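# Results of the structural survey
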Amino acid sequence: MGQIHLFDLASQQARWLTVRQAAVATNVANANTPGFTAGDVVPFEDVFNDSTIHMVATNPGHIGVDPLGPDQIATRDAAAWETTHSGNSVSVENEMMKAGEVNRSFSLNTSIVKAFNQMLMASVKG
């Protein structure tokens, strides 16, 4: 039985979500730092689309996919809602919305992996 790449993809997205949560936390922690510029990570779709995934047919009835393998997730400056007179571009409201997105995405990721695992275990048990 070959590798199941759904787990690799879910693992990559979980790592990306971890990096994004760290960026959000850094922005919130520096909300009152003069001259601090808010940052964010490149969207996961861009990371996924930029990765090299090759479809390989190991058997005429099967299709395999190489795992997503970016070693590093790039960061970018976040679009500022407003910049204060001190030069700080962090919007706490915007950061809280991003934190909510990260939480929902992580919950969805976890639920999909859990469902796939249950399906796999049910097929193995018979």
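Residues numbered from 1 in each chain as written. Predicted model: local features only at pLDDT ≥ 70, side-chain atom pairs only at ≥ 80, totals over all residues. Heavy atoms only, no water.

Naming follows an unreviewed UniProt entry, where the protein chain appears as Flagellar basal body rod protein FlgB of Methylocella tundrae.

On to the pattern of salt bridges. In a structure, side chains of opposite charge can pair up when their charged atoms sit close to one another. For the structure on display, the rule yields four salt bridges. The residue Asp40 makes a salt bridge to Arg20 at a minimum N-O spacing of 3.0 Å. Residue Asp40 is located in strand 1 (residues 39-41), and its partner Arg20 is located in helix 1 (residues 5-29); the two are separated by 20 residues in the primary sequence. Accessibility assignment for this pair places Asp40 and Arg20 in one class, buried. Measuring nitrogen to oxygen at the nearest pair gives 3.2 Å for the salt bridge that ties Glu101 to Arg20. Of this pair, Glu101 sits in helix 3 (residues 92-125) while Arg20 sits in helix 1, placing them 81 residues apart in sequence. Take Glu101: its relative accessible area is 35%, and that puts it in the partly exposed class. Each of Arg20, Asp40, Glu95, Lys98 and Glu101 takes part in salt bridges that share partners, so that together they form one network. (Salt bridge = Lys/Arg side-chain N within 4 Å of Asp/Glu carboxyl O. Helix = DSSP H or I, 4+ residues; strand = E, 2+ residues; numbered from the N terminus. Buried < 20%, exposed > 50% of the residue type's maximum accessible area, 1.4 Å probe, protein only.)

In this structure the tally under the stated criterion is two aromatic pairs. Measuring from ring centre to ring centre gives 5.3 Å for Phe7 and Phe116, while their planes differ by 70 degrees; the resulting arrangement is edge-to-face. One end of the pair, Phe7, is in helix 1; the other, Phe116, is in helix 3, with 109 residues separating them in the sequence. When the ring of Trp16 is compared with that of Phe44, the centres are 5.8 Å apart and the planes differ by 55 degrees; the resulting orientation is tilted. Here Trp16, found in helix 1, pairs with Phe44, found in helix 2 (residues 44-50); they are 28 residues apart in sequence, far enough to count as distant. Per residue, the accessibility class of Trp16 equals that of Phe44, and both read buried. (Phe/Tyr/Trp six-rings, centres within 6.5 Å; stacked < 30°, edge-to-face > 60°.)

This part covers helix 3. For helix 3, which comprises 34 residues, the first-to-last C-alpha distance of 49 Å matches the rise-based estimate of 50 Å (1.5 Å per residue) to within 8%. Turning to helix 3, its buried residues number three or more, namely Asn94, Glu95, Lys98, Ala99, Val102, Asn109 and Phe116. The elements touched by buried residues of helix 3 are helix 1 and strand 1. Immediately beyond the C-terminal end of helix 3, within one or two residues, lies Gly126, with a positive phi of roughly 95 degrees. (Expected span 1.5 Å × (residues − 1). Contact = heavy atoms within 4.5 Å.)

Turning to the nonpolar core, a few remarks are in order. With seven residues, the main nonpolar core is built from Trp16, Leu17, Val41, Val42, Phe44, Val47 and Val102. Those elements that provide at least two residues to this core are helix 1 and helix 2. (Core = buried A, V, L, I, M, F, W, Y, C linked by side-chain atoms within 4.5 Å.)

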